[in-house]
Amino acid sequence: SDVSRKISRNMYVDNLITGVSSKDEAIFFYRQTKNMFDEASMNMCKWNCNNEDVMKEIRDTDKCDEKVTKLLGLVWFRDDDEFGLAEVESAPAENVTKRSVLQFISGRFDPIGLVSPVLLRSKLFLQELWRLNVKWDKKLSEEMTTEWNKIADDVKKVGKLRISRLIGIPDGKN
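Quick caveat: nothing in here was measured; it's all calculated off a predicted structure.

**Quick word on unusual backbone geometry**
Not every positive phi belongs to a glycine, and Ser 41 is a case in point at roughly 55 degrees. Relative to the assigned elements, Ser 41 resides in the loop between α2 (23-39) and α3 (52-57). We note that Asn 95 has phi near 55 degrees; this positive angle belongs to a residue other than glycine. By the secondary structure assignment, Asn 95 is in the loop between β5 (82-85) and α4 (98-106).

**Things to note about the packing of α4 against helix α6 (residues 142-158)**
For the pair α4 and α6, interaxial distance at closest approach is 12 Å and the crossing angle is 15 degrees. When the axis of α4 is compared with that of α6, the two are roughly parallel. Judged by the sense of rotation from one axis to the other, the crossing of α4 with α6 is left-handed. Across the interface between the two elements, Val 101, Phe 104 and Ile 105 of α4 pack against Trp 148, Ala 152 and Val 155 of α6. By residue class, the composition of the contact of α4 with α6 is six nonpolar, no polar and no charged.

Thresholds, definitions, all that
- Residues numbered from 1 in each chain as written.
- Predicted model: local features only at pLDDT ≥ 70, side-chain atom pairs only at ≥ 80, totals over all residues.
- Heavy atoms only, no water.
- Helix = DSSP H or I, 4+ residues; strand = E, 2+ residues; numbered from the N terminus.
- Axes fitted to C-alpha atoms, helices over the stretch in contact; angles between N-to-C directions.
- Parallel < 35°, antiparallel > 145°, perpendicular 65-115°, else oblique.
- Left-handed = near helix turned anticlockwise from the far one by under 90°.
- Contact = heavy atoms within 4.5 Å.
- Nonpolar A, V, L, I, M, F, W, Y, C, P; charged D, E, K, R; others polar.

Laid out in structure tokens, this is it:
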């Protein structure tokens, strides 16, 4: 069925992330999915939607009460229907080492490439540290620390970026 295909294409570990074009389609999808998972003795819960009418149709025990949902490094702001990157700890401005650079980079996960150009600079910086054979816990030079802090500041700025989930022209069914 269309519902089972949508589930199989949009399941990430134990999270289902998908969208539909109308309120009626959302309610139908919720009911069909719940039935399929109930038949398998599995509970599909934490449903979230940016349409209040649809949320009223979802059982209270199945609802996600959070207005901000985190998943795979992204954050979905339900009320504004926008995506952003999940916030992570900032990089140390002093005593920067190759280890702290890697730790900072590893904390950023951008599964759909929203900020790849900015993250690329940090990865190229780490590549340069490897090329120079910098030791893991050796404090970087003042010049390299200054360069790293500029890169890390840019990465922190894109963490505040929010992008509309809906790109295109709405079809008027909502």
